[in-house]
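So the chains spell out like this:
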Amino acid sequence: MDRKKADSKLKKVVIIDTGYDYSGKYKDDISGIEIKKGTKDVFDLSSDFHDEIGHGTAIINMILKEQQCEIFVIKIFSKEQITDGQLLNAGLRYICDMKDVNFLVISLGVRQYDFEMQLLVQRLAKNGTIIISAFDNMGCVSYPAGFEEVIGVDVTEKYRTGNEFDVYSGDLIDVRGGNEFYRLDWVGQKKMILGGSSFLVAKILIQILKSSELVTNKEQAIRSLCKSAQQIIEKKKTKHIQGTEFVRQIKRAIVFPFNKEIHSIAAFEELCDFEVIGYFDVKYNLKVGKKINEILEYCDNEKVIQDYEEIDWNTDFDTVICGHVGKISLAIGNDYLGEIVKKCKINNKKLYSFDRCVEKYKYFRYGKDFYFPQNVAAELPILRCGKMVLNSTPTLAVLGTSSRQGKFTIQLQLMKELRKRGFVVGGIGTEPSALLYGFTYMLSYGYQNCCKLNSDQIILMLNEMTRKLQMENVDIIISGAQSGTIPENMLNLSMYTSKQLGYLLGLNPDAYILCVNRNDDISYIEKTIQFVNSITEAKLVAIVVCNIESNRFREKKDNYKKLSNKYGEKIFPLEEYNLSEKLTKIVIDYYK
C-alpha cells in the first residue's frame, strides 16, 4: 500500500545522505535524486538514488519504522562518506525550489564555515522548513548544525539512549542526547550496530513528528522537545557592554598623556572615526610645545603637544582618551586619573580610559559615561560543551620576542594598506586602544590590563571572536600578541607566557610576522619560530628587526647579518622605506 496516498497529511521530510537501498523494506515509499559533480561548476542530477554505503538507508529505516511521513532523499555520496561542501550546497539549492518541505534532515556536515551554506539555510528556514542536523562526532563546531536557524544535535555520555535528551538554550547546541548504539537495517539486508550524533538526529525528528502540537518552525519544534526532555539547560547570558558602542559615540576627543600607548593614535588618526582636537602631556615629560612629528619621525602629524594644566574644559570636545597614567601619577605624586574623572563629571565629558576606573566613577554608567577595556567571563560563549570553531578565514598574527618592537604599528599599517586596496579586514586587538582604530574586537591582556580571563578562557574568547568574524564574511583577520611568545627564562612568574599560549591556540593563525630585536640570541628566535610552528599550522611570512636592544643586561651585539643570512628575503628592518607596502604585498601574495 502506498502510504503517501493513504494519508495526504503526511509530513514531507527531505534527507540529504547516501541514498536508499533499492532492496530496502520501504523502497516503494521513497522518492529521490542523486547529485554529482559534473564538469567545472555544473552539477549532474539523476533519478538513481540507490545507496551503496548504508548510512542513508539506516536513517530512513529508523524514521519510517516509528513514524509515517513522506520521504524524499538526496544522495550526495557514492563510494565514501566524506562530506563535500559544494555537493551539500547543491542539495540545499535543490530543496529551495521544492514546495512544502516540512523537515530537512542532514546527518552530516562540514567543519569549516561556509557563507553560501548559511544563506541557503536562512532561505529554507524562511520558507518554513525545519532543519535538523548532527554535530561532528569529533566534538568540534560543524555546519549546518552550528547555524542559528538549525536544530543542532549532539551526543553525550550522560544518558544511555537517544530517547533521553536535554534541550539547551545557548546559541549553538540545541539538543544533546544519549550516545546510544543502534541495531541498524543496512544495505543488502545487513545489520549494523553503530552510534553517533547522525543517528540521534533521526530520533529527534521522530520525537517532533510524534508531537500533537502545531510545529511549523524551529521555535515550535524546540518547545515540543522540551515536553519530553530530561532537562532544559538554561544559562542566562549576562549583557556585556561592548566598547564599540561607546567608541561610535565619540565625535571630538582630546588625548592625555603623550606616552607609548598614545603614539599610535597620533600616527594613525585617519583610522579613527572621530576628530582628535588636542594632545596633552605633563610638562615634566619635556614634550609640551613640540610638534608630534618632531618626536615621532615616522609620522607627519604636525599638531603641537599642549600642557595638561591648560586644558580648556569648556571646549566642545565630548570625550577624553586617557592612556596609562600609573607611572606619572606615582612619579609626580598626583592622581591624574581621579582628577580627570572628577573634571569629566563636572563638565559632562565622556572618558575612555586605558586604566580601570570604575571605583572612581561611582554612580556613573559604565559604557555610557565612561569605558575602560576589560574582558570578563560574562563575555564567554555559553553552553558550548567544549566545541571549537575551525577557522576558515585567512588569519594573520603579528608576534614578537619582547615589548616595544612596533607590533601594533605593523598591524595598523597592514589594516590601512589592505583597506585601501578594497579588502574587508576584521581586527582582533590586544591593545587597550584597539577599538579606537576600528578593530572589530578587543582582548586586552598586556601591560596593566583589566583582563579577568585565564588561559583557557582566552582560548574560548578568541575562538568565538574568529567565529563571529567568519560569519561577517571578512576577507582577512589581523591580530597581534603582547610581548614575548615563549619565556626567555624561568626566573620569575612574570616571565611566563601562558596567556600568549592561550592567544595563539585561540586565534589559530595560518600565517605570522615575527618581530625581533637586533641583539636577540639566534637560538631564542629559532625556538620561538619552532614553538609557533609546532602548536599552529601557521607559516612564517616575514621577520621585522627592531633597532632597540631588548635587555640592558645582554651582551651588546648585532645579529642582523646572521638573521639575513639565515632567513634571506623574509628579513626587514623596522625602519625600512615603504615597509608597510612590502609587508602588505607579502601577505596578499601568501593568500592568493
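Details of the structure are given in the entry above.
What counts and what doesn't
Residues numbered from 1 in each chain as written. Predicted model: local features only at pLDDT ≥ 70, side-chain atom pairs only at ≥ 80, totals over all residues. Heavy atoms only, no water. Pairing = 2+ DSSP bridges. Helix = DSSP H or I, 4+ residues; strand = E, 2+ residues; numbered from the N terminus. Axes fitted to C-alpha atoms, helices over the stretch in contact; angles between N-to-C directions. Contact = heavy atoms within 4.5 Å. Parallel < 35°, antiparallel > 145°, perpendicular 65-115°, else oblique. Left-handed = near helix turned anticlockwise from the far one by under 90°. Nonpolar A, V, L, I, M, F, W, Y, C, P; charged D, E, K, R; others polar. Salt bridge = Lys/Arg side-chain N within 4 Å of Asp/Glu carboxyl O. Buried < 20%, exposed > 50% of the residue type's maximum accessible area, 1.4 Å probe, protein only. Phe/Tyr/Trp six-rings, centres within 6.5 Å; stacked < 30°, edge-to-face > 60°. Lys NZ or Arg CZ within 6 Å of the ring centre and 35° of its normal. Expected span 1.5 Å × (residues − 1). Polar contact = N/O pair within 3.5 Å; in protein donor to acceptor, adjacent residues only side chain to side chain.

Trainee: Describe the sheet that holds strand E3 (residues 43-46), with residues and values.
Mentor: Spatial ordering of the open sheet is given by E3-E2-E4-E1-E5-E6-E7-E9-E8-E12, a layout of 10 strands whose pairing is mixed. Edge positions in the sheet fall to E3 and strand E12 (231-233), since each has one partner strand and no second. Averaged over all adjacent pairs, the angle separating strand axes in this sheet is 20°, with direction ignored. Taken together, the three bridges between strand E8 (residues 165-168) and E12 define a ladder with parallel strand orientation. When the sheet's bridge partners are listed, Val167 is paired in E12 with Ile232. Against the sheet, helix H2 (residues 55-66) touches strand E1 (12-17), strand E2 (30-37) and strand E4 (70-75), its axis set at about 155° to E1. The strands touched by helix H3 (residues 85-96) are E1, E2, E3, E4 and strand E5 (103-106); relative to E2, the strand with the most contacts, the crossing angle is about 135°.

Trainee: Tell me what's going on with the sheet that holds strand E21 (residues 441-442), and back it up with residues and numbers.
Mentor: Sheet architecture is open: seven strands sit in the order E21-E20-E22-E19-E23-E24-E25, paired in parallel fashion. Each end of this open sheet is capped by a strand with a single partner; those strands are E21 and strand E25 (571-573). Pairing geometry for strand E24 (residues 539-546) and E25, over three bridges, is parallel. By the bridge assignment, Val545 is partnered in E25 with Pro573. Sheet contacts for helix H13 (residues 455-471): strand E20 (425-429), E21 and strand E22 (476-480); angle to E20, the most-contacted strand, approximately 165°. Against the sheet, helix H17 (residues 579-590) contacts strand E19 (395-400), E22, strand E23 (511-517), E24 and E25, and its axis sits at roughly 170° relative to E24.

Trainee: Which residues make up the packing of helix H14 (residues 498-507) against helix H15 (residues 522-535), and what are the values?
Mentor: Between H14 and H15, the shortest axis-to-axis distance is 10 Å and the interhelical angle comes to 45°. Between H14 and H15, the angle is such that the two are oblique. Handedness of the H14/H15 crossing: right-handed. Residues Leu501, Leu504 and Leu505 of H14 form the contact with H15, whose own contacting residues are Phe531, Val532 and Ile535.

Trainee: Describe the packing of H15 against helix H16 (residues 560-567), naming the residues involved and giving the relevant values.
Mentor: Two elements in contact, H15 and H16, have axes whose closest approach is 11 Å; the angle formed by their N-to-C orientations is 40°. Taken together, the axes of H15 and H16 are oblique relative to one another. Crossing handedness for the pair H15 and H16: right-handed. Across the interface between the two elements, Ile522, Ile525, Glu526 and Ile529 of H15 pack against Lys562, Leu563, Lys566 and Tyr567 of H16. Among the residues making up the contact of H15 with H16, the classes are represented as five nonpolar, no polar and three charged.

Trainee: Explain the pattern of salt bridges to me, using residue names and the numbers behind them.
Mentor: All told, the structure shown has 29 salt bridges when counted by the stated rule. A salt bridge links Asp84 to Lys37; the shortest N-O distance between them is 2.9 Å. Residue Asp84 is located in the loop between E4 and H3, and its partner Lys37 is located in strand E2; the two are separated by 47 residues in the primary sequence. The class for Lys37 is partly exposed, based on a relative accessible area of 42%. The salt bridge involving Glu116 is made with Arg93; its shortest N-O contact spans 2.4 Å. Here Arg93 lies in helix H3 and Glu116 lies in helix H4 (residues 115-126), a separation of 23 residues in the sequence. Accessibility expressed as a relative area gives 30% for Arg93, which makes it partly exposed. Through salt bridges with shared partners, a single ionic network connects Asp171, Arg384, Glu464 and Arg467.

Trainee: I'd like to hear about unusual backbone geometry, residue by residue, with values.
Mentor: Note: most residues except glycine have negative phi, and most peptide bonds are trans. Note the cis peptide between Tyr143 and Pro144, where omega equals 20°. Inspection of the secondary structure puts Pro144 in the loop between strand E6 (130-134) and strand E7 (150-156). The phi angle at Asn473 is positive, at roughly 60°, despite the residue not being glycine. Among the structural elements, Asn473 can be located in the loop between H13 and E22. Its relative accessible area of 38% is what places Asn473 among the partly exposed residues.

Trainee: Which residues make up the packing of aromatic side chains, and what are the values?
Mentor: Applying the stated criterion across every chain, the model contains 20 aromatic pairs. Taken together, a centroid distance of 4.9 Å and an interplanar angle of 75° make the contact between Tyr590 and Tyr591 edge-to-face. Here a set of aromatic residues connected by ring pairs shows up, and it is made of Phe246, Tyr352, Phe354 and Tyr371. Here Lys349 stacks its cationic end above the ring of Phe317, 4.3 Å away from the centre of that ring. Over the aromatic face of Tyr567 sits the side chain of Lys566, whose NZ or CZ is 5.8 Å from the ring centroid.

Trainee: A description of helix H11 (residues 336-347) should follow, citing residues and the corresponding values.
Mentor: Given a rise of 1.5 Å per residue, 12 residues ought to cover 16 Å, and the 16 Å separating the end C-alpha atoms of H11 matches this to within 8%. Taken as a whole, H11 has its buried residues at Tyr336, Leu337, Gly338, Ile340, Val341 and Cys344. Of the surrounding secondary structure, the elements contacted by the buried residues of H11 are strand E13 (252-256), strand E16 (319-322), helix H10 (326-332) and strand E17 (350-353). Looking one or two residues past H11, Asn348 carries a phi angle of roughly 55°, positive in sign.

Trainee: Kindly report on the environment of Ser212, identifying the contributing residues and their values.
Mentor: Turning to its location among the elements, Ser212 is positioned in the loop between helix H5 (197-209) and helix H6 (218-226). Separated by 12 residues in the primary sequence, Ser212 and Ser224 place their C-alpha atoms 8.6 Å from one another.

Trainee: Lay out H13 in plain terms, naming residues and giving numbers.
Mentor: Across its 17 residues, H13 extends 25 Å between first and last C-alpha, which sits within 8% of the 24 Å expected from 1.5 Å per residue. Counted residue by residue, H13 has 12 buried out of 17 residues, so it is predominantly covered. Those residues of H13 lying buried are Gln457, Ile458, Ile459, Met461, Leu462, Asn463, Glu464, Met465, Thr466, Arg467, Leu469 and Gln470. Between a side-chain oxygen at the N-terminus of H13 and the backbone nitrogen of Asp456 the separation is 3.1 Å; the capping residue is Asn454. At the exit of H13 stands Asn473, carrying a positive phi of roughly 60°.

Shape is all these values report; function is a separate question.
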